[in-house]
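Fold and contact review
One-letter residues, chain by chain:
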Amino acid sequence: MFSKLEAVRGRYDEINRRLQEPGVASDPAQYRTLMKDYKQLTPLIEAFDSYTAAQKAYDEAKSLLDEGGLDADLRELAKEELEENKEKIDTLSQELRVLLLPKDENDDRNVIIEIRGGTGGEEAALFAHSLFRMYSLYAESHGWRIEILSVNETELGGMKEVEFSVEGEGAYSRLKFEAGTHRVQRVPETETQGRVHTSAVTVAVMAEADEVDIEINPADLKIDTFRSSGAGGQHVNKTSSAIRITYLPTGMVVECQDERSQLKNKDKAMKVLRSRLLAEKQAAQKNEIDAARRSQVGSGDRSERIRTYNYPQSRVTDHRINLTLYRLDNILSGSLDELIDPLIAADQAEKLQASAEA
């Protein structure tokens with residue numbers, strides 16, 4: 001571990017040196033790349049420096065105790081120093097192991113999320129809207145920006161499906177754990193006998209792709225325009241501003257009609273298409289690498305039931321880590337970190353174990 005840390009320290013010092021060069025400051029692209037690396041490495045270097053300081057203090061205290069000759073008060077102080085820095089060393093050692101884990105290449109990307117009502121008809125569509133609100137409030141609490149790319153609303157205020165982007169630092173690193181099937185148990189407003197119904201909503205989380213990530217041949221695209229429509233006449237356009245893009249090699253279809261501008265709808269649709277193609281490409285690569293292993297926490301398998309929201313008991317259960325919280329209202333109001341933080345911890349623990357066994 002320490003040979004890796006020394007190598008990282010050398011890389012960090014080199015980046016710091018280059019950032020001071022006049023030529024780098026006048027090259028925005030190079031400067032951004034170096035600053036990104038610098039910011040990513042800083043937590044690791046700070047933890048390493050703290051570890052080194054704690055180790056030095058521990059060694060000094062131990063040396064004093066081993067030499068002897070201290071009066072009672074000084075000996076007691078040296079023992080306290082020894083124990084205090086021993087705890088720091090243990091804590092920082094674990095922190096360093098986590099920080100040295102391979103980083104998900106998508107963690108710094110923005111996100112595109114698709115929420116689709118599944119089993120349950122209108123009740124599923126209403127819950128899809130609840131999940132969209134939950135993610136919107138969660139994004140707001142983190143200072144991220146949300147933009148709706150496409151939405152298909154119902155007469156009762158539900159959402160058959162909604163696609164939206166989330167822009168902000170660390171968005172994918174946290175929201176990737178939301179991919180899968182979300183199940184809701186509650187009494188629908190239309191239920192006259194008070195029976196609890198179970199409905200399901202699927203959530204797909206994709207890293208937003210840049211144009212350089214996915215090259216698309218224009219000849220592989222079939223682009224159609226049509227008039228926008230919405231529930232109860234909402235967002236209806238008299239012009240053909242809505243866009244439908246079909247990716248001919250696979251038949252993948254993307255639609256966008258949220259904007260009144262055809263050009264803006266096309267840009268949004270292309271953003272979704274690139275991100276879907278990137279997700280497919282990365283999924284195929286991952287399957288080749290670990291086909292023999294079971295999916296890990298937050299795998300993004302849309303058929304996997306990951307969470308249940310039970311309204312009568314105000315209970316939320318994440319089935320991947322067997323975590324149950326009786327704080328449904330808080331979570332649906334955007335307090336998702338209560339679920340995501342334990343998921344990140346479980347993911348790190350699994351990766352640490354795999355690293356130790358390798």
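A brief look at the structure comes next. (Residues numbered from 1 in each chain as written. Predicted model: local features only at pLDDT ≥ 70, side-chain atom pairs only at ≥ 80, totals over all residues. Heavy atoms only, no water.)

A few points about the overall build of the protein chain
Convention followed: For the purposes of this entry, the term helix denotes a DSSP run of H or I that reaches at least four residues, the term strand denotes a run of E that reaches at least two, and both are numbered from the N terminus. Each residue gets one of three labels from its accessible area relative to the maximum for its type: buried under 20%, exposed over 50%, partly exposed in between, using a 1.4 Å probe on protein chains only. Contact criterion: two residues are considered in contact whenever any of their non-hydrogen atoms come within 4.5 Å of each other.
Across its full length, the protein chain holds nine helices and eleven strands. The 358 residues of the protein chain split such that 40% are buried. Sequence-distant contacts, at least 24 apart, represent 63% of the contacts inside the protein chain between residues at least 6 apart.

Comments concerning unusual backbone geometry
With a phi angle near 50 degrees, serine 314 is a residue other than glycine that sits in the positive phi range. Structurally, the position occupied by serine 314 is in the loop between strand E9 (305-310) and strand E10 (315-318). The backbone of asparagine 322 shows a phi angle near 55 degrees, a positive value even though the residue is not glycine. Tracing the backbone through its elements, the reader meets asparagine 322 in the loop between E10 and strand E11 (323-325). Accessibility expressed as a relative area gives 68% for asparagine 322, which makes it exposed.

As for helix H5 (residues 122-141)
Quick note on the threshold: For a helix, the expected span equals 1.5 Å multiplied by the number of residues minus one.
End to end, H5 covers 29 Å across 20 residues, agreeing with the expected 28 Å (1.5 Å per residue, within 8%). Turning to H5, its buried residues number three or more, namely Glu123, Ala124, Ala125, Phe127, Ala128, Ser130, Leu131, Phe132, Met134, Tyr135, Tyr138 and Ala139. Positive backbone phi, approximately 75 degrees, marks glycine 143, located one or two places after H5.

Overview of the sheet that holds E11
Test applied: Whether two strands pair depends on DSSP finding at least two bridges between them. Angles here are taken between N-to-C directions and fall from 0 to 180 degrees, while the axes themselves are lines fitted to C-alpha atoms, restricted in helices to the stretch in contact.
Strand order in the open sheet made by the eight strands is E2-E3-E1-E5-E4-E9-E10-E11, with mixed pairing throughout. Looking at which strands have only one partner, the edges of the open sheet turn out to be strand E2 (145-153) and E11. Pairs of neighbouring strands in the sheet enclose a mean axial angle of 15 degrees, with direction left out of account. Summarising the sheet, E2 and strand E3 (residues 159-167) pair through eight bridges and their orientation is antiparallel.

Comments concerning the pairing of E3
Pairing of strand E1 (residues 111-117) with E3 involves six bridges; the strand directions are antiparallel. Following the sheet pairing, isoleucine 115 is matched in E3 by valine 162. Here E2 hands over to E3 after five residues, with glycine 157 in that stretch at a positive phi of 95 degrees.

Overview of the pattern of salt bridges
In plain terms, the rule: Salt bridge criterion: a side-chain nitrogen from Lys or Arg within 4 Å of a carboxyl oxygen from Asp or Glu.
Evaluation of the coordinates by the stated rule reveals 29 salt bridges. Put simply, aspartate 49 and arginine 9 hold a salt bridge, and the shortest N to O gap is 2.2 Å. One end of the pair, aspartate 49, is in helix H3 (residues 28-67); the other, arginine 9, is in helix H1 (residues 2-19), with 40 residues separating them in the sequence. The class of aspartate 49 is partly exposed, set by a relative accessible area of 37%. Lysine 39 is the partner of glutamate 169 in a salt bridge, and the nearest nitrogen-oxygen pair spans 3.8 Å. Pair noted here: glutamate 169 is in the loop between E3 and helix H6 (171-175) and lysine 39 is in helix H3, with a separation of 130 residues, a long-range link. A single salt-bridge network, built from bridges that share partners, covers Glu114, Arg116, Glu161, Glu163 and Arg276.

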